[in-house]
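# Tertiary structure, described
So you can see what is in the structure, the chains are spelled out below.
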Amino acid sequence: MKRYLARRLLLAVPVLLGVSIVVFMVLHLAPGDPAEIMLGSAATKEDLARLRADLGLEEPLPVQYARWIGHVARGDLGRSLWMRRPVLPDVLDRFRATLLLTGSALAISTAGGVALGVLSAARPHSWLDRLSGVAALFGASMPVFWLGIVLMVIFSLHLGWLPASGMWAPHGGGGAGDLLAHLTLPALTLAAASVTIIARLTRSTMLEVLGQDYIRTARAKGLIERRVVTRHGLRNALIPIVTVVGVQAGYLLGGAVLTETVFAWPGVGTLMVQGILARDFPLVQGCVLVIALSFVVINLAVDLLYAWIDPRIRYE
Amino acid sequence: MSRRRLRRYPLAVAGALVLAVAVVAAALAPQLPLPDPDSVDTPNRLRPPLSGQHPLGTDEFGRDILSRLVWGARVSLLAGVGTAALAMVVGVVLGVLGGYYTGWIEALVMRLTDVLMAFPYILLAIAIVAGLGPGLRNAMVAIAIVGFPLYTRLVRGVVLSVKQLEFVEAARALGSTDATILARHVLPQFVSPVLVTFSLDVGAKILATAGLSFLGLGTQPPTADWGSMLATGRQFVVLSPHVVLLPGLAIFVVVFAANLVGDALRDALDPRT
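Every value quoted in this text rests on a predicted model; they were computed, and no experiment measured them.

With 98% of its residues at a pLDDT of 70 or more, chain A has an overall mean of 87. When mean pLDDT is taken per element in chain A, helix α5 (residues 87–122) of chain A scores highest with 93 and helix α14 (residues 312–315) of chain A scores lowest with 68.

Quick look at unusual backbone geometry now. Omega for the bond connecting B:P221 with B:P222 falls within 30 degrees of zero, at 5°, which places this linkage in the cis form. Its identity is not glycine, yet A:A264 carries a phi of approximately 50°, on the positive side. One non-glycine residue, B:L50, lies in the positive phi region at around 60°. Relative to the assigned elements, B:L50 resides in the loop between α2 (10–27) and α3 (65–100). Its 9 C-beta neighbours within 10 Å are what place B:L50 among the exposed residues.

Quick look at helix α8 (residues 178–214) of chain B now. All names here are of chain B. For α8, with 37 residues, the first-to-last C-alpha span of 45 Å runs short of the 54 Å given by 1.5 Å per residue. The largest bend along α8 measures about 55° and falls at L187, with the proline P188 one to four residues further on. One or two residues past the end of α8 sits G216, with phi positive at roughly 85°.

Here helix α4 (residues 104–117) of chain B is 14 residues long and its end C-alpha atoms lie 20 Å apart, about the 20 Å a rise of 1.5 Å per residue gives. Turning to α4(B), its buried residues number three or more, namely B:V109, B:T113, B:V115, B:L116 and B:M117. If you follow the buried residues of α4(B), they end up packed against α1 (2–25) of chain A together with α3, α5 (121–132) and α6 (136–162) of chain B.

Residues and elements named next belong to chain A. Between helix α6 (residues 127–141) and helix α8 (residues 176–210), the least distance of the axes is 8 Å, while the angle of their chain directions is 135°. Between α6 and α8, the crossing angle belongs to the class labelled oblique. Both α6 and α8 take part in a crossing whose hand is left-handed. In this structure, α6 contributes S132, A135, A136, G139 and A140 to the contact, and α8 contributes A192, A193, V195, T196, I197, A199 and R200.

What follows is about the interface of chain A and chain B. The interface of chain A with chain B comprises 37 residues on the first partner and 36 residues on the second. Residue assignment for the side of chain A that touches chain B shows that the elements contributing at least two residues are α1, α6, α7 (144–158), α11 (238–263), α12 (268–277) and α13 (281–309) of chain A. With 8 residues, α11(A) is the largest single contributor of residues to the side of chain A that touches chain B.

Residues and elements named next belong to chain B. Checked against the element boundaries, D59 lands in the loop between α2 and α3. Taking the C-beta count within 10 Å as the criterion, D59 has 27 such neighbours and is therefore assigned buried. When the C-alpha atoms of D59 and P33 are compared, they prove to be 19 Å apart, with 26 residues separating the residues in sequence. Excluding anything up to four places from it in sequence, D59 contacts I65, R68, G233 and V243.

Definitions and limits used
Residues numbered from 1 in each chain as written. Chains lettered and ligands numbered in written order. Predicted model: local features only at pLDDT ≥ 70, side-chain atom pairs only at ≥ 80, totals over all residues. pLDDT = per-residue confidence, 0-100. Helix = DSSP H or I, 4+ residues; strand = E, 2+ residues; numbered from the N terminus. Buried ≥ 20, exposed ≤ 12 C-beta atoms within 10 Å, placed from the backbone. Expected span 1.5 Å × (residues − 1). Bend = angle between axes of the 7 residues up to and from the residue. Contact = placed C-beta atoms within 7 Å. Axes fitted to C-alpha atoms, helices over the stretch in contact; angles between N-to-C directions. Parallel < 35°, antiparallel > 145°, perpendicular 65-115°, else oblique. Left-handed = near helix turned anticlockwise from the far one by under 90°.

As structure tokens, this is what we get:
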């Protein structure tokens, strides 16, 4: 396992390097002077010169990149032009809220999706199976931001059951119940599409596994159906399910930007959009880098999970 | 497709009809008897559907919502099909190069797709728009860049397996050039899966461009597009929910129809999946 881990970590290095180059290049994508784009046309020559010097924009690109990555490696993601303070503490603070939202959505979609998929596969063509098929098409076609607004209109504005936005109540909040109430709608909105994707993949994988000879043997030796499905079926269907859950984790991290905007959730997504509209490149780069790094870590974790679930993978 | 085969896919036929109506309405928007989508009429703001001259009501500036939806369809549909097509062309070219030629070309293509796929999908699009600046064209370019690795991986996989087959070796032995082999023997092998992927991708791309517009990074006001209509109407959702519900419904119905057609195409052209 140690050798597998070392090999997998080594493979992540070029990807990390590539990710950092892409994030660095964000500043240089637009034609023209980045300093002018950031400060706008009203900026004085002195301001422009100061910003160029601060960001080292006069130097060749490879030198700028080397300096930037050196700072990033030391935990310095630069200073926000808009908030006039270092980017990292703000990004990390907001990242906690994004992690909470994404983690909750992933937990909901994994638990719901696997349960729905297993039940659909255990009884193919039943009403539940048909319903989950239709739900999958709905999930793939529903704009997540629209679903969020519709849920907010129904459950917050009309029924008044749940708060419409934010993470904490403005007055008297702060407890776990308050957080849970604020988290429910955004997490359900974000999870909606993933539940159906995980359910469909679990269903098709389970159907394939349940058609295998060893399942027939398990049934023939008199095991109860529930044990056949969970112990012999689900365990062998886990690899594709873990793959799709890993992919969905990335999708949720990205999709969180839209959900956070709808519910004014104080995560990295809302911070990044504010940064883009304020042309605050160091802030945007910091947000993108932190989310992308966490996605690389998730992919690594998924690969390690494979090796844990199926020991043959470690020896290939 | 014969009538009998069409009858096997009633949902797909319904989806194709919905798409056809949307495309025709969008294409004929200037000829349709609709008010100017950008004409402001503040005394008549936020009128509910079925009120006088406005079958679907008016928005926060008193602009006719039906007209904005039809004109918005031009932007949203074109953005969806355009980005999916751009992603497909770039993805297929790189997939063929990466699959057929080994060595540095293959390594370069694969590392590029690895890096792009190391980002959460919509996040990378947002980051690219951040660099290029908000606007519909930049949003489309960003989504196409994020979307092409899907096609590259697909095509490369097919090309890798096909180039080992005997008929390709035979063609090479007969002196066919690379271009002839690729066009005559390799291309027909990936046309079906690419078409299926494209048909399912159009809906996803409409959603993605609408998402960027919703964040204020795509279409800029006053141009109507379904995502930006939803974004600007959001503040009035309590008073006039139709301002938000209608553009969202338009996106949902069109993407749902596109997915129905895509699903049926997959069943018909790619029975392995």
